[in-house]
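# Overview (structure and organization)
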Amino acid sequence: SLLAGSSSSSGGKYAGEAYSQNIMPADPEVTARANEKYAETKGELFVYTLLTGLVVGGLCNNLYGQDVAVSYGAGCAASLFYLRLLSRTVDAVASEDATAQVGGAGGQARLLVPAVLVLFYSKQNQWVLDNYGVKLNIIAILAGFFTYKAGTFGQVLKSTVALMAEDRRRS
């Protein structure tokens, strides 16, 4: 039995030893290119999200007025903050540094961002109206928060177009 310390059929004392014997070190050049591509993708996601937020915020202002545009902008700002927390979590998972991995576990706080938005709306809407003359709109706030999804869609669309162009060149 494994608990008694007997050898497994792979020759190791523990089942995990069979896997550790087959691990090869990563090529530093490939790792560097992958890290560069990851950083580029992360930056693009922030830019696409910001640009989408600016365009849609302008449309909200023209079509629905200042209150909806400010609400959408607040949600979009929270969306960018959420993306930052998400990228910190992903970076920590990919890190080999134990302290970074533990710090990344704190990145789960990103899940509180939409809850804080709704809580702020429910508790501070009257205060914002009294002090700034803006009546917040919860639908616009949540639509702004989900702007990061549009940024993700933009990246997928860009990758798809690039792959299709590459396929046409090969044909």
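The present account deals with the structure reproduced in this document. (Residues numbered from 1 in each chain as written. Predicted model: local features only at pLDDT ≥ 70, side-chain atom pairs only at ≥ 80, totals over all residues. Heavy atoms only, no water.)

Orientation of helix α5 (residues 113–132) relative to helix α6 (residues 138–145), taken along the N-to-C sense of each, is 160°, at an axis distance of 10 Å. Here α5 is positioned roughly antiparallel relative to α6, judged by the angle of their axes. In this structure, the crossing between α5 and α6 has a hand that is right-handed. Of the residues in α6, those touching α5 at Val113, Pro114, Leu117, Val118 and Tyr121 are Ile138, Ile141, Leu142 and Phe145. Of the residues belonging to the contact of α5 with α6, the class tally is nine nonpolar, no polar and no charged. (Axes fitted to C-alpha atoms, helices over the stretch in contact; angles between N-to-C directions. Helix = DSSP H or I, 4+ residues; strand = E, 2+ residues; numbered from the N terminus. Parallel < 35°, antiparallel > 145°, perpendicular 65-115°, else oblique. Left-handed = near helix turned anticlockwise from the far one by under 90°. Contact = heavy atoms within 4.5 Å. Nonpolar A, V, L, I, M, F, W, Y, C, P; charged D, E, K, R; others polar.)

At a minimum axis separation of 8 Å, helix α2 (residues 28–64) and helix α7 (residues 147–170) run at an interaxial angle of 125°. Comparing their axes, α7 and α2 come out oblique. As for how α2 packs across α7, the hand of that crossing is right-handed. In this structure, α2 contributes Glu40, Thr41, Glu44, Leu45, Tyr48, Thr49, Thr52 and Gly53 to the contact, and α7 contributes Thr147, Tyr148, Ala150, Gly151, Thr152, Gly154, Gln155 and Lys158. For the contact of α2 with α7, the per-class residue count stands at four nonpolar, nine polar and three charged.

Remember that the coordinates give geometry; whether it matters functionally is a separate question.
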